[in-house]
Amino acid sequence: MKLIYLIFLIGSGVFYIEYADNLSAITFLIVLCIPIFMEIIVTWVHFHIKVELRALSTIANKDDDITIQIIIQNKSGFSIPNAAAEICYWNSYQKKHEYAKINIPISGKNTQCITAKLSSQYCGRLFIKLKSVKIFDYLKWFYQSKRVNQVVEITVLPQPYFIDATFSNNNNLSCEGDTYSKYKSGDDPSEVFDIREYRAGDKPNRIHWKLSSKSEELLVKEHSHLINSTVLFLLEFSTAPHEKSLVKILDTMLETVMSLSEFMLEERVVHSIAWYNGKMLIIERISTQEDLAVALNKLFAVAPYVNMQHAYDNFIKVQDENNYSHVVYFTPQLPEGFCKNFSDNVQAELLSIFHIGDFSKAEENKTELIPSEAEVINIQIGAIQESINDFII
């Protein structure tokens, strides 16, 4: 188009020089002023259009089409055949932004809807931003950018995998989710936690008269502490500095948790999911699919931290309040000596550590430590089923 215009401009100039009359002068001026007219039209349209970004659904599955709509209302009478919408999108766990350009013809005195499709290969929060719409003149010499900067958020759900796990005989799981702590006494008279000597202030109705009659001192029954969940999934969002595989690691961790949680729900076993949210330890009890959905939505908002075990450290402080028979610890990092520390400090009958990462060069994908320490299972990125099949809960 530029070449054609240049030929017309030169031709009209030669025509004016050769004939030097009113017609040739008007023709030359019109051709000469075309770019100015184009700029005026672009500016007019720029101030008379309204642009909006919409998402048909705020929830999507991994790799599924995510449909977005760009609504353009043009109140001017000029049609623009050359316009382009600039879109960028990114996962909350990923610093890298992807960019897309959508060519849009804009009709005059009209409201139109342009549909586009995106997809995400990782779970989490996907942000889609309509940065601007560039309005070009008819010759594509000039453009003006209509700033929009509107963002829509899409929740991309993890993909659950079939898990062929089994329940340990040592783990007293209940479909109702009720069991008694082996570490802490409570107020439930259904079970006796311990027998001890009488102390001042003990209630008379807790005295064990039968055993006291056989002894030379008063003995008191300590009631059991009833807990509502026996399995805890403890998630650690700790990563190495400048971790290039961060989004893949967290995607694998969340999909592993969801797969195990789905398995537990199918077996009607109540469990809990815990994580550090930047301020405190959050523990969510999972007994229904709705509970799991709420927990996942909160997990997507967690910001990863570097070289710290915040979830583990905070859990140690509060574990006496919520005793569990099996604690499964998910972490992308496993510092030297941590397994021994974990085994010595966590009060549970069963201890497991799921180490998330790329172990494709390792000889084995699953490692069990000596019985006195926690079982460590390496969860290979992209191979969740193979990594945790035959896992004992």
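In short, a report on the structure. No experiment lies behind these values; they were computed from the predicted model shown.

Attention now moves to the sheet that holds strand β6 (residues 110-118). The strand order across the open sheet built from three strands is β1-β3-β6, with neighbouring strands paired in antiparallel fashion. Lying at the two open borders of the sheet, with one neighbouring strand each, are β1 (49-55) and β6. For this sheet, the mean inter-axis angle between neighbouring strands, taken without regard to orientation, is 20°. When strand β3 (residues 66-74) meets β6, the two strands line up antiparallel, connected through nine bridges. Opposite asparagine 74, over in β6, you have asparagine 110 as the bridge partner.

Relative to the helices and strands, glutamate 262 is located in helix α4 (residues 246-266). Here glutamate 262 falls in the buried class, since its relative accessible area comes to 16%. Sequence separation of glutamate 262 and tyrosine 161 is 101 residues, and the distance between their C-alpha atoms is 8.8 Å. Beyond its immediate chain neighbours, meaning those up to four positions away, glutamate 262 contacts Pro160, Gln289 and Leu292.

Within the secondary structure, alanine 116 sits in strand β6. On the basis of relative accessible area, alanine 116 is assigned to the buried category, the value being 12%. Alanine 116 sits 61 residues away from alanine 55 along the chain, and the two C-alpha atoms are 9.9 Å apart. Look past the residues within four positions of alanine 116 in its chain and what remains in contact with it is Ile66, Thr67, Ile68 and Ile102.

Criteria and cut-off values
- Residues numbered from 1 in each chain as written.
- Predicted model: local features only at pLDDT ≥ 70, side-chain atom pairs only at ≥ 80, totals over all residues.
- Heavy atoms only, no water.
- Pairing = 2+ DSSP bridges.
- Helix = DSSP H or I, 4+ residues; strand = E, 2+ residues; numbered from the N terminus.
- Axes fitted to C-alpha atoms, helices over the stretch in contact; angles between N-to-C directions.
- Buried < 20%, exposed > 50% of the residue type's maximum accessible area, 1.4 Å probe, protein only.
- Contact = heavy atoms within 4.5 Å.

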